[in-house]
Amino acid sequence: MPQKPFLEAGQIVGTHGVRGETRVQPWCDSAEQFAGFKTLYWDINGTNSVKVKARAHKNMALVTLEGVDTMEAAAALRGKMLYVSRKDLKLPKGRYLVQDLIGLSIEDVDTGEVYGKLTDVSQTGANAVYHMTTPTGVVLIPAIPDIILSVDTVADVMKIRPMKGLFDDEI
């Protein structure tokens, strides 16, 4: 699956103050990560860029957008999505964007058996949980190194070594 060059970074949900600052619900890992962006885009194609100054405030980002300097102008942007260039994202090795994982084929690293497709990701306190859809239903897979052995977003495959009990009631 080809990777999108521009990704949804957050949505403008309101205004902050009277000088055109906006409140943005970040769609990143955190408001702090969102605050690190200096340029965002108004559309998924990246044709219209906007310079931004952002700071984290609780779980939101307070964002000043270039050219938006009144509360009325900021209010008119409510509901608007902001996009970030994939090139501006710096992910540590072994970290992936959820949208790049969705749709991966999940295979057994030892036998090559195809179990199903990754269809969703849940965040838990300890680790993420991958939702794998199989012909018989959904199986939840803990995203831990003992199980997830490799991820190849170019070949669209995740290789796992299932622990006992993952697919049945083995103990």
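The notes below deal with the structure included here. (Residues numbered from 1 in each chain as written. Predicted model: local features only at pLDDT ≥ 70, side-chain atom pairs only at ≥ 80, totals over all residues. Heavy atoms only, no water.)

### Some points on the overall build of the protein
Scanning the protein from N- to C-terminus turns up three helices and 12 strands. Relative to the globule expectation of 16 Å for 171 residues, the C-alpha radius of gyration of the protein, 20 Å, shows a markedly less compact shape. When the backbone C-alpha atoms are referred to their principal axes, the protein occupies close to 60 × 30 × 30 Å. The 171 residues of the protein split such that 40% are buried. Relative to all contacts within the protein whose residues are 6 or more apart in sequence, the contacts with residues 24 or more apart total 49%. (Helix = DSSP H or I, 4+ residues; strand = E, 2+ residues; numbered from the N terminus. Rg over C-alpha atoms; globule rule 2.2 N^0.38 Å. Buried < 20%, exposed > 50% of the residue type's maximum accessible area, 1.4 Å probe, protein only. Contact = heavy atoms within 4.5 Å.)

### Let's talk about the sheet that holds strand β12 (residues 157-160)
Taken in spatial order, the six strands make up an open sheet running β10-β9-β8-β7-β12-β11, and their pairing is mixed. Taken across any chain shown, the strands that pair with only one partner, and hence form the sheet edges, are β10 (137-142) and β11 (148-152). Across the sheet, the mean angle separating the axes of adjacent strands is 35° when strand polarity is ignored. Inspection of the sheet shows strand β8 (residues 114-123) paired to strand β9 (residues 128-134) by six bridges, in the antiparallel sense. Residue pairing in the sheet places Q123 in a bridge with A128 of β9. (Pairing = 2+ DSSP bridges. Axes fitted to C-alpha atoms, helices over the stretch in contact; angles between N-to-C directions.)

### A look at unusual backbone geometry
Trans is the common state for peptide bonds, and a negative phi is the common state for residues other than glycine. The phi dihedral of K58 falls on the positive side, at around 60°, and the residue is not glycine. Within the secondary structure, K58 sits in the loop between β4 (49-57) and β5 (60-65). Of the residues examined, K58 reaches a relative accessible area of 73% and is grouped as exposed. Phi is positive for D156, close to 60°, though the residue is something other than glycine. Within the secondary structure, D156 is located in the loop between β11 and β12.

### Brief notes about the layout of surface pockets
Of the voids in this model, the largest pocket is the one considered here, and its volume is about 840 Å³. In terms of lining, the largest pocket is formed by 27 residues, of which the most central are D29, R95, Y96, L97 and V98. Contributing elements (two or more residues each) for the lining of the largest pocket: β1 (6-16), α3 (98-101), β8, β9 and β11. The residue inventory of the lining of the largest pocket, partitioned by class, reads 20 nonpolar, four polar and three charged. (1 Å grid on protein atoms, 1.4 Å probe; cavity = no way out; pocket = protein on both sides within 12 Å on 5 of 7 lines; lining within 4 Å. Points joined across faces, edges and corners; volume = space filled by probe spheres on them. Nonpolar A, V, L, I, M, F, W, Y, C, P; charged D, E, K, R; others polar.)

### Points about the nonpolar core
In terms of nonpolar packing, the biggest core is built from 20 residues, with F34, L40, L65 and L82 touching the most fellow members. At the level of secondary structure, the elements contributing two or more residues to this core comprise β1, β4, β5 and β6 (81-85). Contacts of L82, omitting those with residues within four sequence positions, involve L7, E8, A9, G10, I12, V24, F34, L40, Y41, W42 and L65. With 17 residues, the next largest nonpolar core counts L101, L118, M132 and M158 among its residues. (Core = buried A, V, L, I, M, F, W, Y, C linked by side-chain atoms within 4.5 Å.)

### Some remarks on the pattern of salt bridges
In this structure the tally under the stated criterion is four salt bridges. Among the salt bridges present, the one from D110 reaches R161, with a minimum N-O distance of 2.8 Å. With D110 in the loop between β7 (105-108) and β8 and R161 in the segment after β12, this residue pair connects regions lying 51 residues apart in the sequence. (Salt bridge = Lys/Arg side-chain N within 4 Å of Asp/Glu carboxyl O.)

### Observations concerning the packing of aromatic side chains
Scanning all chains against the criterion turns up two aromatic pairs. Arranged with centres 4.9 Å apart and planes meeting at 65°, the rings of F6 and Y41 form a pair that is edge-to-face. Of this pair, F6 sits in strand β1 while Y41 sits in strand β3 (residues 39-41), and the two are 35 residues apart along the sequence. For the pair shown, F6 and Y41 are each scored as buried. Ring geometry for F34 and F37: centres 5.8 Å apart, planes at 75°, overall edge-to-face. Judged on exposure class, the residue F34 and its partner F37 are both buried. (Phe/Tyr/Trp six-rings, centres within 6.5 Å; stacked < 30°, edge-to-face > 60°.)

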